Amino acid sequence: MNKLTLENADISEHAKQSIASVGLSYDEPLSSAALQDLVDTFKRIESGETTYDQEDDRLLSEWREAKAREG
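Let me sum up the structure you'll find in this document. (Residues numbered from 1 in each chain as written. Predicted model: local features only at pLDDT ≥ 70, side-chain atom pairs only at ≥ 80, totals over all residues. Heavy atoms only, no water.)

## Here we look at helix H3 (residues 52-70)
Logical step 1: Across its 19 residues, H3 extends 27 Å between first and last C-alpha, which sits within 8% of the 27 Å expected from 1.5 Å per residue.
Logical step 2: Downstream of H3 by a residue or two, Gly71 has a phi angle that is positive, lying close to 95°. (Helix = DSSP H or I, 4+ residues; strand = E, 2+ residues; numbered from the N terminus. Expected span 1.5 Å × (residues − 1).)

Below, the structure written as structure tokens:
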């Protein structure tokens, strides 16, 4: 199995550009897991499985849960 990269990700060019923009926000390159999560998110949106708002709500919920665990 080939390593996932933006170049071989099965998502639109707009999604790839969005992920690349996110990557510019960090000093280190996106981890493989983070890249996979972002690609999966865009695949769900592009396929109509979810909407941007649903994915936004999911990510905010995950963030809130992580912050709550921090105490």
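## So, the nonpolar core
Logical step 1: Core analysis: the largest hydrophobic core is formed by six residues, namely Ala9, Ile11, Ala15, Ile19, Leu35 and Val39.
Logical step 2: Elements with a minimum of two residues in this core: helix H1 (13-23) and helix H2 (32-47).
Logical step 3: Those residues within four positions of Val39 in sequence are excluded, and the remaining contacts are Leu4, Ala9, Ile11 and Ile19. (Core = buried A, V, L, I, M, F, W, Y, C linked by side-chain atoms within 4.5 Å. Buried < 20%, exposed > 50% of the residue type's maximum accessible area, 1.4 Å probe, protein only. Contact = heavy atoms within 4.5 Å.)

## With respect to the side chain of Thr41
Logical step 1: Looking at the secondary structure, you find Thr41 in helix H2.
Logical step 2: Judged by relative accessible area, Thr41 falls into the buried class, the value being 9%.
Logical step 3: Only 2.8 Å separates the side chain of Thr41 from the backbone oxygen of Asp37, close enough to count as a polar contact.
Logical step 4: Ignoring anything within four residues of it in the chain, the contact list for Thr41 reads Glu55 and Arg58. (Polar contact = N/O pair within 3.5 Å; in protein donor to acceptor, adjacent residues only side chain to side chain.)

## Re the environment of Ala66
Logical step 1: Turning to its location among the elements, Ala66 is positioned in helix H3.
Logical step 2: With relative accessibility at 27%, the residue Ala66 sits in the partly exposed group.
Logical step 3: Ala66 sits 23 residues away from Lys43 along the chain, and the two C-alpha atoms are 24 Å apart.

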